Protein chains: 2
Amino acid sequence: MDRKVATIQDVARIAGVSTATVSRTLSKPSVVARSTREAVLDAIETTGYRINATASNLRRQRTGTVIVLLPDIANPFFSQILAGLASVLTPAQYGMLIADTQSGPDPDEQLAHYLTSGQADGVILLDGTLSPRALDIPGRPPVVMACEWMDTTTPSVRVENARGAALAVGHLARLGHRHIGHVTGPTGNVLSETRLEGFRDALSALGLPLRDEWVIEGDFSMDSGAAAARAWLALDSRPTGLFLSSDQMAVGFMGELQRRGLTVPSDVSVVGFDNIEIARHLSPGLTTVRQPRTRIGVRAAEMLLSLIDTGLLEGPTEMIEVEFMARESSAAPPR
Amino acid sequence: MDRKVATIQDVARIAGVSTATVSRTLSKPSVVARSTREAVLDAIETTGYRINATASNLRRQRTGTVIVLLPDIANPFFSQILAGLASVLTPAQYGMLIADTQSGPDPDEQLAHYLTSGQADGVILLDGTLSPRALDIPGRPPVVMACEWMDTTTPSVRVENARGAALAVGHLARLGHRHIGHVTGPTGNVLSETRLEGFRDALSALGLPLRDEWVIEGDFSMDSGAAAARAWLALDSRPTGLFLSSDQMAVGFMGELQRRGLTVPSDVSVVGFDNIEIARHLSPGLTTVRQPRTRIGVRAAEMLLSLIDTGLLEGPTEMIEVEFMARESSAAPPR
DNA sequence: TCTTGTTCTGTAATCGTTTGCAGGGAAGCG
DNA sequence: CGCTTCCCTGCAAACGATTACAGAACAAGA
């Protein structure tokens, strides 16, 4: 009976045609005569034939797979980007192979492995800390970076990080804050650097003071946000408004302050970055800069597909707009 | 030069042996003579040869891929399970293909598609709402369910959901609560049902009353938690302690109450389920039931690999322990 | 010397598709 | 009626590996 899965040969035999015709019926139906096409489709129906992707890929010299390399699968920030990627790749018949750069030994090595192994038609790279030299492989499949980036030549999808920082600073300034601080992401990360720069530029454009001790180092995590809260408390002169480079840090920051009996925004105004889902469910709701993460994924996937199919691209980098979300965690400074 | 990627033929030619020998050098080195082995390895080195996975898989009638089917990629709850899966599958040379059951049209159809398409050597199923009939496919690859489950025959990894509920109820009762309510997950979901049942059983075991209106329907999301807060506020007689079937709902619940000026745990004690990262960063810290999600992923992957390799399994289901985490969101009821 | 066994290697078939090429037949045209 | 053109279809060669089988070389034992 069904002891074996049907192959194209079985279909061909039953339909009384050659395997070539069956294949063509599936790939370009327009070139086969209507009557044969129907016979073939009937035979496919009765046999329950499903095309063997491995064989097809071997013959067509492709893999039907794109690899998504991210620094940390467990970080929920990426899950929505994955959703965006999947929404484009799945309909285009590409599978998404997910790999974690942190789990293996050497991340650069791992990238090189995937680029040379021929296991993928393309790579989506979400980790900007790899070295650009790792991409120096002749004949490698196309690579698109998303969120983070490494250089100006590799195609990438980014958000307006500097503008987001400026929006945050402008908002705090408009509320009356003159002493504004910042909690950064990890050093060396392009996002951290770009947002910090945007923060600095916005301050000086507004003629506001910037003290070194008002820039507290974090690493995007909730824990580092809680640590930043303790650092802020320990300051002699505390900024009244704070822009944190990620919502996760803002959550940790506010939580730590509240557990110590302080109140946001009465004691300090807080602005985050990302607009993760929880931002509007917190109390107070977290003022933040929205990054359309699904859209980032969608655009990155579209760019990659275009590179795979045509090898061409309109522009090397695509900039995605951010949007400011004012909520209750920011208010006028205490007098 | 490097215009083409080297094949096993190139290696064979350079090493002066047949392709069979090259293949053997790679798969079982012990059967080839030491001198030839070294010559082959040298040739591999100079050509930069990498085995073509597609061709190898075609010949060996496997795919080197397992498919992970989950209800919603964007849900951060799953990302840590994915991390656990990856930590086992990647070292075992399996790729992880991620697919979303909600994105496509008919989830059952989608599962059937993956089971018959021969695109995977195994399937990890994280969605228990599919119909068990969808697994009724002769010769299908092995399937392991994780977190949720559908029947007693399909291998699965679960946590002690009923016990978790009992721990939550016991904790509240010990604090002095006599009126305890519950916010459920979506109806039809096994986790919702099992936790609800555990909740009911625990109440009656303790001789505590259960009113129907104290069971509020949710769907695991933060939004539904906020909605539950409004429903709780609208009750004539409100339970003083509440067990919510997910931390996300607890977050939404507490946030909504706090924004309306109420205080947790003074006005109501809250216990969640999952112990997501944010639980300990909230203010007050969220009392909850910990599910070791990485471990769930690890065990599910190990079971699947064992099924793929040997077709055997020790037991059909594996139960993972939960752990109660008392924090500040629960306290003695208001007098 | 002949037989037997061991160890290593090569030949060639095979996995299930896709696709360039060529041929058969019908239709159109002069 | 002959020639060209156009559809449609089949033949057969790939794609790049794995592996059953057989054969070669050599050593050891009788």
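Residues numbered from 1 in each chain as written. Chains lettered and ligands numbered in written order. Predicted model: local features only at pLDDT ≥ 70, side-chain atom pairs only at ≥ 80, totals over all residues. Heavy atoms only, no water.

With an unreviewed UniProt entry as reference, chain A is termed LacI family transcription regulator, source organism Roseivivax isoporae LMG 25204.

Q: How do you make sense of the overall build of chain A when you look at a structure like this?
A: Per the secondary structure count, chain A includes 11 helices and 12 strands. In summary, chain A has a C-alpha radius of gyration of 26 Å against a globular reference of 20 Å for 335 residues, an excess of more than 25%. For chain A, the spread of C-alpha atoms along the principal axes amounts to about 90 × 40 × 35 Å. Long-range pairs, those at least 24 residues apart, make up 70% of the contacts in chain A with a sequence separation of at least 6. (Helix = DSSP H or I, 4+ residues; strand = E, 2+ residues; numbered from the N terminus. Rg over C-alpha atoms; globule rule 2.2 N^0.38 Å. Contact = heavy atoms within 4.5 Å.)

Q: Would you mind going over the protein's contact with DNA strand C with me for this structure?
A: Looking at DNA strand C, there are 26 residues lining it, with Ile8, Ser23 and Arg59 of chain A together with Thr21 and Thr36 of chain B nearest. Backbone atoms, meaning sugar and phosphate, make up 62% of the atoms of DNA strand C lying within 4 Å of the protein. A distance of 2.8 Å is found between a base nitrogen of DNA strand C and a side-chain nitrogen or oxygen belonging to arginine 24 of chain B. The separation between a sugar or linking oxygen of DNA strand C and a polar side-chain atom of glutamine 61 of chain B is 3.4 Å. Elements supplying a minimum of two residues to the surface near DNA strand C: α1 (8–15), α2 (19–27) and α4 (53–60) of chain A together with α2 (19–27) and α4 (53–60) of chain B. Among the elements that line the surface near DNA strand C, the one with the most residues is α4 of chain A, at 4 residues. Residue composition of the surface near DNA strand C, grouped by class: 10 nonpolar, 10 polar and 6 charged. (Near = heavy atom within 4 Å. Polar contact = N/O pair within 3.5 Å; in protein donor to acceptor, adjacent residues only side chain to side chain. Nonpolar A, V, L, I, M, F, W, Y, C, P; charged D, E, K, R; others polar.)

Q: Quick question: what am I supposed to make of the protein's contact with DNA strand D here?
A: Lining the immediate surroundings of DNA strand D are 26 residues, of which Thr21 and Thr36 of chain A together with Ile8, Ser23 and Arg59 of chain B lie closest. Here a phosphate oxygen of DNA strand D and a backbone polar atom of serine 18 of chain A are 3.0 Å apart. Here a phosphate oxygen of DNA strand D sits 3.1 Å away from a polar atom, N or O, in the side chain of glutamine 61 of chain A. Mapped by element, the contributors of at least two residues to the surface near DNA strand D are α2 and α4 of chain A together with α2 and α4 of chain B. Looking at which element gives the most residues to the surface near DNA strand D, the answer is α4 of chain B, with 5 residues. Of the residues that constitute the surface near DNA strand D, the class distribution is 11 nonpolar, 9 polar and 6 charged.

Q: Help me out: how do you make sense of helix α11 (residues 293–310) of chain A in this one?
A: Turn by turn, an α-helix covers 3.6 residues, leaving residues three or four places apart pointing in a common direction. All names here are of chain A. Under the 1.5 Å per step criterion, the end-to-end length of α11 is 26 Å for 18 residues, consistent within 8% with the ideal 26 Å. Residues Arg293, Ile296, Gly297, Val298, Arg299, Ala300, Ala301, Met303, Leu304, Leu305 and Leu307 constitute the buried set of α11. Those residues of α11 hidden inside the fold are in contact with β1 (65–70), α5 (77–89), β3 (122–125), β4 (143–146), β5 (156–159) and β11 (317–320). Positive phi shows up at glycine 311, right after α11, with a value of about 80°. (Expected span 1.5 Å × (residues − 1). Buried < 20%, exposed > 50% of the residue type's maximum accessible area, 1.4 Å probe, protein only.)

Q: Would you explain the interface of chain B and chain A in this entry?
A: For an interface, size is often stated in terms of accessible area lost upon the parts coming together. In this assembly, 42 residues from chain B lie in contact with 42 residues from chain A. The junction of chain B with chain A conceals about 3,700 Å² of combined surface from both sides, 60% of it contributed by carbon and sulfur atoms. With its nearest N and O atoms 2.5 Å apart, the salt bridge here joins arginine 280 of chain A to aspartate 223 of chain B. On the surface where chain B and chain A come into contact, there are 13 residue pairs in polar contact (both at pLDDT 80 or more). (Buried area = accessible area lost by both parts, 1.4 Å probe. Salt bridge = Lys/Arg side-chain N within 4 Å of Asp/Glu carboxyl O.)

Q: So what exactly am I meant to see when it comes to the sheet that holds strand β7 (residues 215–216) of chain B here?
A: To summarise the sheet geometry, strands pair through backbone hydrogen bonds and adopt either a parallel or an antiparallel arrangement. All names here are of chain B. Taken together, the 4 strands give an open sheet; going across it, the order is β7-β6-β8-β9, and neighbouring strands pair in parallel fashion. Across the chains shown, the open sheet's two edge strands, defined by having one partner strand only, are β7 and β9 (269–271). The pairing of strand β6 (residues 180–183) with strand β8 (residues 241–244) spans 4 bridges and is classified as parallel. Bridged to histidine 182 within β8 is phenylalanine 243. Strand contacts of helix α8 (residues 190–205): β6, β7 and β8, with the helix running at about 175° to β6, the strand carrying the most contacts. (Pairing = 2+ DSSP bridges. Axes fitted to C-alpha atoms, helices over the stretch in contact; angles between N-to-C directions.)

Q: Sorry if this is basic, but what is going on with the pattern of salt bridges here?
A: By the definition in use, this model includes 22 salt bridges over all chains. Residue arginine 259 of chain B is joined to glutamate 256 of chain B by a salt bridge in which the shortest nitrogen-to-oxygen separation is 3.1 Å. In this pair, arginine 259 of chain B and glutamate 256 of chain B are both assigned in helix α10 (residues 247–259), 3 residues apart and thus about one turn of the helix distant. The structure contains a network of salt bridges with shared partners spanning Arg230, Glu256, Arg259 and Arg260 of chain A.

Q: For this particular structure, what's the right way to read the nonpolar core?
A: Nonpolar side chains tend toward joint burial in soluble globular proteins. In terms of nonpolar packing, the biggest core is built from 93 residues, with Leu85 and Met96 of chain A together with Leu85 and Met96 of chain B touching the most fellow members. Per element, the largest residue contribution to this core is 9 residues, and it comes from helix α5 (residues 76–89) of chain B. Among residues more than four places away in sequence, those in contact with methionine 96 of chain B are Met96, Leu97 and Ile98 of chain A together with Val66, Val68, Leu82, Leu85, Ala86 and Leu89 of chain B. Core analysis: the second largest hydrophobic core is formed by 51 residues, Val183, Ile278 and Leu282 of chain A together with Met222 of chain B among them. (Core = buried A, V, L, I, M, F, W, Y, C linked by side-chain atoms within 4.5 Å.)

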